[in-house]
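Analysis of the macromolecular model
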2 protein chains.
Amino acid sequence: MSGSHRRRRSRRQQASVSPSDTIQAPAYITRKIPEYELLGEEGLALIEANADKILEEIGINFCNNNAALTRLKQAGAAIDGERVRFPKGLCRKLIQDNAPKEFTQHARNPLKNVIIGGKHTVLVPAYGSPFVRNLDEGRRYATIEDFINFIKLAYMTPHLHHSGGTICEPVDLPVNKRHFDMLYSHIKYSDKPFMGSVTAPERAEDTVEICKILFGDNYLDNDTGKPKTITTSLINANSPMTYDDTMLGALTVYARNNQATIISPFILAGAMSPVSVAGTATQALAEGLAGMAYAQLVNPGTPVIFGCFASSISMTNGAPTFGTPEPSLILYLMASLSRRLGVPFRSGGGFNAAKTSDTQAGYESANSLLPAINAGVNFMLHTAGWLEGGLVMGYEKFIMDCDQAGMLAVFANGIDLSENGQALSAIEEVGPGDHYLGCTHTKENFRNAFYRSPIMDNNSFEQWHEDGELNLTQRANAFYKKQLADYQPPELDADIDAALCEYIKKRKKSFPDSNIS
Amino acid sequence: MSGSHRRRRSRRQQASVSPSDTIQAPAYITRKIPEYELLGEEGLALIEANADKILEEIGINFCNNNAALTRLKQAGAAIDGERVRFPKGLCRKLIQDNAPKEFTQHARNPLKNVIIGGKHTVLVPAYGSPFVRNLDEGRRYATIEDFINFIKLAYMTPHLHHSGGTICEPVDLPVNKRHFDMLYSHIKYSDKPFMGSVTAPERAEDTVEICKILFGDNYLDNDTGKPKTITTSLINANSPMTYDDTMLGALTVYARNNQATIISPFILAGAMSPVSVAGTATQALAEGLAGMAYAQLVNPGTPVIFGCFASSISMTNGAPTFGTPEPSLILYLMASLSRRLGVPFRSGGGFNAAKTSDTQAGYESANSLLPAINAGVNFMLHTAGWLEGGLVMGYEKFIMDCDQAGMLAVFANGIDLSENGQALSAIEEVGPGDHYLGCTHTKENFRNAFYRSPIMDNNSFEQWHEDGELNLTQRANAFYKKQLADYQPPELDADIDAALCEYIKKRKKSFPDSNIS
């Protein structure tokens, strides 16, 4: 790092710790509640044994990537074409000997670093939709302006801890260059941690380069000398039991650079896995084990998150369904299996198949969000904004889900059993037949006593009628517009900003635009 | 019982076990999942000790009821005016020595008997709203026609196990006689178990008399010689720490006749209990202990359910709020305390403060329904229909909540770990890179594999658009109308029907109409 980089960095760090930062909500949730364990030792051990059998007897395909096959062979796997079979226990051993149980993902504002794993939960916007929806315009293709809007909204809410990744696809930009604009927007308009590009290995390389510029001589960790983990990126397995070359390429780049990857079987149960909860969990465990073990072969100790995205499909029309009981059962199971393995777990989110943010969206989203917090999910991608099975990012839906995220944090904080929490003094003061509205304990505690939603309407029918009979979508519509109008960007060092723009400009010039992924 | 009564009964019982009954869903849920325990031994013991302190030092008011005070004094309580203080452990001992851990509530169709307590969960319609709402008419006062409509809907859904009680208030009938019409409608239009009247002791007596006519010489249990438990009725404490004469009167009648009562502190936390989770739970436990102990004094062994209705209030406008995290924490806590005490537990429901069945209703209801099933609630009053903090019974909302109830049952059934559930054969058959849609295991299981909602839309955007872009409320509106149009009443023995009508007619004639409760 040059001396000028070092000076910039030191200025930037000072600037970022402004007084306003210090009154922010916690950078992530630390759960004080126990995890809900659906199965006991016997059931979980059975699923682990079955997953081992899949790895040993059926195997996993690693497609079109000789380097991966060579690495796996050297580690002791049996290679048959693209099929890789693992001796019993090999994957588990590679992961448990090397992968961290929890790790820090660094934000450009160190107050917003997040710890991923253990009792910590990081809530993250939804990811990957080509469309957006709002009450005024309905459904339309997403643009970079939408992308930036959602970054601003995620930055402003105290209830999300992360800026996310491909919050929506900016389809107005060329496919092979839009990752530059997405990364830059995350950095420019937010100071929360973000995700990297996975759609091609060279885009992963760009992500790493951009992190190096952003962090300057703070890129390497002082103690370990290794790169800091600045991005967490989403590597989907092609279920059943397949890793394709694109994902393996991106995974390899990130692992080599100590950047975190989420290894996620993406499963529509009944189509991409057996039409059963235990069968789906078994397959997902085998897939995850193979992917995470491979990451440890690339760079022992690189942070990995075990991910599981599982929905079931409608047996009537083959469409994915959300908020139904079977995916919840799978989620609980995978969280338990992940804890036994000893790696952070990603799952959950505000899933639904609703076309608009109607009542279906509400039920289904809550049905997906609550199990995730009860199960002890560490990284909850898709917490906010998801509509229509992930095809649409909803503006109003985003606001609603952020409100729910705030409630999850309160729930995860558990029960206050301090003397003040026990409140015996209040019960003594008030006694039978009276009310607590004016008692000392209430006066001392009412400000922070109960979660206050900025968008739910608890007024009387008469007041609600007088206010225009607005539904939740209408109230959320007003809320997001106010947020965008009030947005103030976090400070970004001008030299770093310029360096980022220069790198991006140069790279964009170096190859032609293309819309073929 | 007369000979003719005996003959009627025997005909009725034969008639009720028709072929169509045998293909009904299970009469109640038996949970195969563990209960989610938020606190460990130390925390729960602390709350129990604090509740004991309230009972011993502060005491509970039993208002305007000398018989109750005399009974309590004889049992060892200290009486000071209407204030009753209990020696440490007395209430717990009375309950644990006498109250059943679980009991059967009998339905006129014995296939629909429910077991209340233990690993069983009974889902029950909402209760007590003066208004109804549907998409066509908006919000209006409820009538006996609405009341009957909801009984029909509850009868037809396989997902509710109970006909409920005051599903909505038939305000077109005189206050002091409407209990006759409500009870008769439950019996006439459904064969599921139902709740009794609690608004005056003599209405509780009417309820018991009607049960006697309905069950004839089957009213007494063959083995014990005691009356069968045919009704479960809702006794609310007037929090803080008060039982009024009306509720004590109804409680006494039911307890004496071996009819079940739900002893429920009804709490808006912050107004009727301390503005904290632990404080509210402590007070509710003390109140419940006193009420249930009193029931055991009236008739040792009479079935009681420990109930807890707790919502928090908005610290902005004092209105009750629902679907927020604090009531969930209280619910989990009360369920654990109830299990330790060894009595069935009532709580939960599709609570919300929404004025219409909009997205707020969806989120908040799911946020209240899920904790109830995870906590192991045994009797879930208010499962379906609740809107506007309980002021409104929604037709469409009822259908939506029934659908959610169906999902709760699937979730509570847990994970199938049989060989078929493990589905290894499917994974072997399909292998990496292929799909499961046509494999043997899928063909054998797809019919019952995943929960199918009759009202959620999982179709593509294009299909949804073609179908008229209906939201969930619109689809539920069509669904409930179809149900009412298709309704077929369960058979009711003509002699019993006539006897019920005769009793009701006679009683109605015996005193003038009044609308002063």
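Here's a quick rundown of the structure. Predicted, not measured: the structure shown is a model, and the values here were computed from it.

So, the overall build of chain A
- Within chain A, the secondary structure is distributed over 19 helices and 19 strands.
- A compact globule built from 517 residues should have a C-alpha radius of gyration of about 24 Å, and chain A, at 24 Å, falls within 12% of that.
- Dimensions of chain A, computed from C-alpha atoms along their principal axes, come out at roughly 75 × 60 × 50 Å.
- Across the 517 residues of chain A, 65% fall into the buried class.
- Sequence separation of 24 or more characterises 76% of the internal contacts of chain A that already satisfy a separation of 6 or more.
- Accessible surface, chain A: about 17900 Å² in total, of which carbon and sulfur atoms supply 51%.
- Charge-centre separation for chain A: the mean point of 49 positive side chains lies 8 Å from the mean point of 56 negative side chains.

Here we look at the interface of chain A and chain B
- At the junction of the two partners, chain A supplies 112 residues and chain B supplies 113 residues.
- Between the two partners, chain A and chain B, sit two salt bridges.
- Counting across the interface, chain A meets chain B through 38 residue pairs in polar contact (both at pLDDT 80 or more).
- Looking at the side of chain A that touches chain B element by element, the count peaks at eleven residues for helix 12 (residues 359-375) of chain A.
- Considering only residue class, the side of chain A that touches chain B consists of 53 nonpolar, 40 polar and 19 charged.

Digging into the nonpolar core
- Ranked by size, the top nonpolar core spans 323 residues in total, and within it F62 and F86 of chain A together with F62 and F86 of chain B carry the most contacts.
- Setting aside its immediate chain neighbours within four residues, F62 of chain B contacts A68, L69, L72, E82, V84, F86, Y243, L248, A290 and Y294 of chain B.

As for the pairing of strand 10 (residues 232-237) of chain B
All names here are of chain B.
- Within strand 10, six of the six residues are buried, which leaves the element mostly enclosed by the surrounding structure.
- What you see with strand 10 is no split at all: T232, L234 and N236 on one side and S233, I235 and A237 on the other are buried throughout.
- Pairing between strand 10 and strand 12 (residues 260-269): six bridges, direction parallel. Pairing of N236 across the sheet is with S264, part of strand 12.

Here we look at the packing of aromatic side chains
- Summed over all chains, the structure comprises 37 aromatic pairs over all chains.
- Measuring from ring centre to ring centre gives 6.3 Å for F306 of chain B and F345 of chain B, while their planes differ by 70°; the resulting arrangement is edge-to-face. On the criterion of sequence distance, the pair formed by F306 of chain B in strand 13 (residues 304-307) and F345 of chain B in strand 16 (residues 345-346) is long-range, its members being 39 residues apart.
- The ring of F131 of chain A has R139 of chain A sitting right over it, with the charged end atom 3.9 Å from the ring centre.
- R139 of chain B extends its terminal NZ or CZ atom over the ring of F461 of chain A, reaching a point 3.8 Å from the ring centre.

Side note on the side chain of R203 of chain A
All names here are of chain A.
- Inspection of the secondary structure puts R203 in helix 8 (residues 201-215).
- Despite its burial, R203 pairs with no opposite charge; the closest candidate is E202, at 5.0 Å N-O.
- Polar side-chain contacts of R203 include one of 2.8 Å to the side chain of T199.
- Not counting the four nearest positions on each side in its chain, R203 is found in contact with V175, N176, H179, S197, Y254 and S517.

Observations regarding the relation of the copies chain A and chain B
- Aligned on chain B, chain A shows an RMSD of 0.0 Å; the corresponding rotation is 180° and the shift along the axis is 0.0 Å. What the rotation and shift describe, once combined, is the action of a two-fold rotation axis.
- Most of the interface of chain A is mirrored in chain B: 100% of its interface residues are interface residues there too.

Brief notes about the sheet that holds strand 2 (residues 60-62) of chain B
All names here are of chain B.
- One open sheet accounts for four strands, arranged 3-4-2-11; its pairing is mixed. Edge positions in the open sheet fall to strand 3 (78-80) and strand 11 (242-243), since each of these has one partner strand only.
- Where strand 3 and strand 4 (residues 83-85) come together, three bridges link them in antiparallel fashion. The residue bridging I79 from the neighbouring strand is V84, located in strand 4.
- The strands touched by helix 10 (residues 277-298) within the sheet are strand 2 and strand 11, with strand 2 carrying the most contacts at an inclination of about 40°.

What to know about the side chain of N134 of chain A
- The topology assignment puts N134 of chain A in strand 8 (residues 131-134).
- Not counting chain neighbours up to four residues away, the residues in contact with N134 of chain A comprise Y395, E396 and Y480 of chain A.

Considerations on the packing of helix 3 (residues 41-58) of chain A against helix 11 (residues 325-341) of chain A
All names here are of chain A.
- Here helix 3 crosses helix 11 at 80°, and the two axes come no closer than 11 Å. Classed by the angle they form, the pair helix 3 and helix 11 counts as roughly perpendicular. Residue-level contacts link E41, L44, A45, I47 and E48 of helix 3 to L333, S336, L337 and R340 of helix 11.
- Per-class residue counts for the contact of helix 3 with helix 11 are five nonpolar, one polar and three charged.

Quick look at the sheet that holds strand 18 (residues 386-387) of chain B
All names here are of chain B.
- In space, the four strands of this open sheet follow the order 9-8-19-18, with mixed pairing throughout. Whereas interior strands pair on both sides, the edge strands pair on one side only; in this sheet they are strand 9 (138-141) and strand 18.
- As paired strands, strand 8 (residues 131-134) and strand 9 are joined by four bridges and run antiparallel to one another. Paired with V132 across the two strands is R140, which belongs to strand 9.
- Sitting on the sheet, helix 13 (residues 395-412) is in contact with strand 8, strand 18 and strand 19 (392-394), with an inclination near 65° to strand 19.

Notes on helix 8 of chain A
Residue and element names in this part refer to chain A.
- With 15 residues, helix 8 should reach 21 Å at 1.5 Å per residue; the first-to-last C-alpha distance of 21 Å fits that figure.
- Of all the residues in helix 8, the buried ones are R203, A204, D206, T207, V208, I210, C211, I213, L214 and F215.
- Of the residues trailing helix 8, G216 is marked for its positive phi of about 55°.

Observations concerning the pattern of salt bridges
Residues and elements named next belong to chain A.
- On inspection of all chains with the given rule, the structure shows 46 salt bridges over all chains.
- With a shortest N-O distance of 3.8 Å, D52 and K88 are connected by a salt bridge. One end of the pair, D52, is in helix 3; the other, K88, is in the loop between strand 4 (83-85) and helix 5 (90-98), with 36 residues separating them in the sequence.
- The buried category is assigned to D52, whose relative accessible area is 15%.

Regarding the packing of helix 10 of chain B against helix 11 (residues 325-341) of chain B
Residues and elements named next belong to chain B.
- Running from N to C, helix 10 and helix 11 point in directions that differ by 40°, and their axes come no closer than 10 Å. On the basis of their axis angle, the class for helix 10 and helix 11 is oblique. In the crossing of helix 10 with helix 11, the sense of the turn from one axis to the other is right-handed. Residues V277, T280, A281, A284, L285, L289 and M292 of helix 10 touch helix 11, and the partners they reach there are E326, L329, I330, L333, M334, L337 and L341.
- Counted by class, the contact of helix 10 with helix 11 contains twelve nonpolar, one polar and one charged residues.

Thoughts on the state of the cysteines
- Enumeration according to the criterion identifies zero disulfides over all chains in this entry.
- The thiol of C308 of chain A is not disulfide-bonded; the next cysteine sulfur, from C91 of chain A, is found 17 Å away.
- Here C91 of chain B is not cross-linked by a disulfide; its sulfur's nearest cysteine counterpart is in C63 of chain B, at 16 Å.
- Overall, C91 of chain B belongs to the buried group, its relative accessible area being 2%.

Rules used throughout
- Residues numbered from 1 in each chain as written.
- Chains lettered and ligands numbered in written order.
- Predicted model: local features only at pLDDT ≥ 70, side-chain atom pairs only at ≥ 80, totals over all residues.
- Heavy atoms only, no water.
- Helix = DSSP H or I, 4+ residues; strand = E, 2+ residues; numbered from the N terminus.
- Rg over C-alpha atoms; globule rule 2.2 N^0.38 Å.
- Buried < 20%, exposed > 50% of the residue type's maximum accessible area, 1.4 Å probe, protein only.
- Contact = heavy atoms within 4.5 Å.
- Areas by Shrake-Rupley, 256 points an atom, 1.4 Å probe, with all protein chains shown as cover.
- Lys, Arg positive; Asp, Glu negative; His and termini not counted.
- Charge placed at Lys NZ, Arg CZ, Asp CG, Glu CD.
- Salt bridge = Lys/Arg side-chain N within 4 Å of Asp/Glu carboxyl O.
- Polar contact = N/O pair within 3.5 Å; in protein donor to acceptor, adjacent residues only side chain to side chain.
- Nonpolar A, V, L, I, M, F, W, Y, C, P; charged D, E, K, R; others polar.
- Core = buried A, V, L, I, M, F, W, Y, C linked by side-chain atoms within 4.5 Å.
- Pairing = 2+ DSSP bridges.
- Phe/Tyr/Trp six-rings, centres within 6.5 Å; stacked < 30°, edge-to-face > 60°.
- Lys NZ or Arg CZ within 6 Å of the ring centre and 35° of its normal.
- Least-squares fit on C-alpha atoms with pLDDT ≥ 70 in both.
- Axes fitted to C-alpha atoms, helices over the stretch in contact; angles between N-to-C directions.
- Parallel < 35°, antiparallel > 145°, perpendicular 65-115°, else oblique.
- Expected span 1.5 Å × (residues − 1).
- Left-handed = near helix turned anticlockwise from the far one by under 90°.
- Disulfide = S-S within 2.5 Å.

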